[in-house]
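Commentary on secondary and tertiary structure
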Amino acid sequence: FHAILLGAPSAVLTPAREPRLFCRKLAPSPAAALDPSAYCETPVYNPDLCPNMIAAQAKLVYHLNKYYNEKCQARKAAIAKTIREVCKVVSDVLKEVEVQEPRFISSLNEMDNRYEGLEVISPTEFEVVLYLNQMGVFNFVDDGSLPGCAVLKLSDGRKRSMSLWVEFITASGYLSARKIRSRFQTLVAQAVDKCSYRDVVKMVADTSEVKLRIRDRYVVQITPAFKCTGIWPRSAAHWPLPHIPWPGPNRVAEVKAEGFNLLSKECHTLAGKQSSAESDAWVLQFAEAENRLQLGGCRKKCLSLLKTLRDRHLELPGQPLNNYT
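Attention here is on the structure that accompanies the text. Quantities reported herein were computed from a predicted structural model and do not represent experimental measurements. (Residues numbered from 1 in each chain as written. Predicted model: local features only at pLDDT ≥ 70, side-chain atom pairs only at ≥ 80, totals over all residues. Heavy atoms only, no water.)

1. A word on the overall build of the chain
- Scanning the chain for helices and strands turns up eight helices and 11 strands.
- Relative to its full complement of 325 residues, the chain shows a buried share of 38%.
- The contacts in the chain between residues at least 6 apart in sequence include a share of 63% that link residues at least 24 apart.
- Entry remark: accessible area of the chain is about 18400 Å², with carbon and sulfur atoms responsible for 55%. (Helix = DSSP H or I, 4+ residues; strand = E, 2+ residues; numbered from the N terminus. Buried < 20%, exposed > 50% of the residue type's maximum accessible area, 1.4 Å probe, protein only. Contact = heavy atoms within 4.5 Å. Areas by Shrake-Rupley, 256 points an atom, 1.4 Å probe, with all protein chains shown as cover.)

Here's what the structure looks like:
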């Protein structure tokens, strides 16, 4: 699994491909060894594999695919059903938010049988990223002083009044992630009381995050964010490592062009920090980059196997191993 996820384009879960290396059967005599029929016709990766090992590999592939078809697909179908149910409620709440405050326009749209901006944290936990408009009057400041974060500061010569988010700009010219999240939390709380699903949804208390509990079974975090395309943060400039052949230059160019997100959420690395810049910082997120890097070979299939194993057998106290890990 480790090798597949880190870059082997195709392995274990798919039939072996070229180059065709053959395993020699045990030949009774030197003459028989020269006979082409003395070689297995099943291509394998290692010329030193004996027929017994080939049979073991075939057995492993069979059971992996059987487990994927029976367990992983069932998990996927159940989560897909949950997502449809959850998104109906969240969409209704966000429509009420938009009525109260048109600047917070819902970006939860279904495209190609998936919801843009929705991340599955676990079968009962989800995060919806709400993309905000007009970041253009701000400079993206990523100088390494805030690990995992960046700040948005008014461009030189720009006036606060030119920004759609004027009341959330600090005296120092920073667009405050914390202030925007606080305002959004108030709006969502009001929307929950007015929406048509108010009997099955409620706000999660004692957190600065915007979280909804739906039917007492699911938790959905809604996070205001800005999408940053066409730029790449300095803190990620070390990627990809020069001595690693994967991913190729074309895939790297795609990932960097896709960009990243800036999220208004609590950052554990800044816990306890008090300066204004740190309390107003935005968290860097690379969800789209990760999705693109999972394409090809059997990476997604392997990841689905690992998540299913975690959910079925590694649900431990304190959750030391979560799905994202």
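Resuming the write-up.
2. Section: the pattern of salt bridges
- What the rule picks out here adds up to 16 salt bridges.
- R310 is the salt-bridge partner of D311, the closest N and O atoms lying 3.1 Å from each other.
- A single network of salt bridges, built from pairs that share partners, joins R75, R310, D311 and E315. (Salt bridge = Lys/Arg side-chain N within 4 Å of Asp/Glu carboxyl O.)

3. Quick word on the packing of aromatic side chains
- In the structure shown here, the tally under the stated rule is eight aromatic pairs.
- A centroid spacing of 5.4 Å and a plane angle of 50° characterise the contact between F140 and F260, whose relative ring orientation is tilted. Note that F140 is positioned in strand 5 (residues 138-141) and F260 in strand 10 (residues 260-263), a separation of 120 residues in sequence.
- Overall, the relative accessible area of 24% leaves F140 in the partly exposed class. (Phe/Tyr/Trp six-rings, centres within 6.5 Å; stacked < 30°, edge-to-face > 60°.)

4. Topic: the packing of helix 3 (residues 51-100) against helix 4 (residues 177-194)
- Closest axis-to-axis distance for the helix 3/helix 4 pair is 8 Å, and the angle between their directions is 115°. In terms of crossing hand, the pair formed by helix 3 and helix 4 is right-handed. Residues V93, L94, E96, V97 and Q100 of helix 3 form the contact with helix 4, whose own contacting residues are F184, L187, V188, Q190, A191, V192 and K194.
- Along the lines of polarity and charge, the residues of the contact of helix 3 with helix 4 split into eight nonpolar, two polar and two charged. (Axes fitted to C-alpha atoms, helices over the stretch in contact; angles between N-to-C directions. Left-handed = near helix turned anticlockwise from the far one by under 90°. Nonpolar A, V, L, I, M, F, W, Y, C, P; charged D, E, K, R; others polar.)

5. Observations concerning the side chain of R103
- Relative to the assigned elements, R103 resides in the loop between helix 3 and strand 1 (110-111).
- We classify R103 as buried; its relative accessible area is 14%.
- A distance of 2.5 Å separates a polar atom in the side chain of R103 from a polar atom in the side chain of E167.
- Among residues more than four places away in sequence, those in contact with R103 are L164, W165, E167 and F168. (Polar contact = N/O pair within 3.5 Å; in protein donor to acceptor, adjacent residues only side chain to side chain.)

6. Here's the deal with the packing of helix 3 against helix 8 (residues 299-313)
- Relative to each other, helix 3 and helix 8 sit at 70°, their axes nearing to 9 Å. In this view, helix 3 runs roughly perpendicular relative to helix 8, as classed from their interaxial angle. In this structure, helix 3 uses L64, N65, Y67, Y68, K71, C72, R75 and K76 to contact helix 8, whose residues at the interface are K301, S304, L305, K307, T308, L309, D311, R312 and H313.
- Across the contact of helix 3 with helix 8, the residue classes tally to six nonpolar, four polar and seven charged. (Parallel < 35°, antiparallel > 145°, perpendicular 65-115°, else oblique.)

7. Concerning the side chain of S91
- For S91, the location among the structural elements is in helix 3.
- The class for S91 is buried, based on a relative accessible area of 19%.
- A distance of 2.8 Å separates a polar atom in the side chain of S91 from the backbone oxygen of C87.

8. Quick notes on a nonpolar patch on the surface
- The grouping of L314, L316 and L321 at the surface amounts to a nonpolar patch, some 210 Å² of accessible area in total.
- Within the secondary structure layout, L314 lies in the segment after helix 8.
- Its relative accessible area of 34% is what places L314 among the partly exposed residues. (Patch = residues over 30% accessible without salt bridge, like charges linked within 9 Å, V, L, I, M, F, W, Y side chains within 5 Å.)

9. Regarding the environment of E290
- Turning to its location among the elements, E290 is positioned in helix 7 (residues 287-293).
- On the basis of relative accessible area, E290 is assigned to the partly exposed category, the value being 32%.

10. A word on the pairing of strand 11 (residues 282-285)
- Sheet analysis places strand 6 (residues 149-154) next to strand 11, joined by two bridges and oriented antiparallel. Looking across to strand 11, one finds that C149 is bridged to V283.
- By the bridge criterion, three bridges tie strand 10 to strand 11 in an arrangement that is antiparallel. Looking at the pairing, L263 lines up with V283 of strand 11. (Pairing = 2+ DSSP bridges.)

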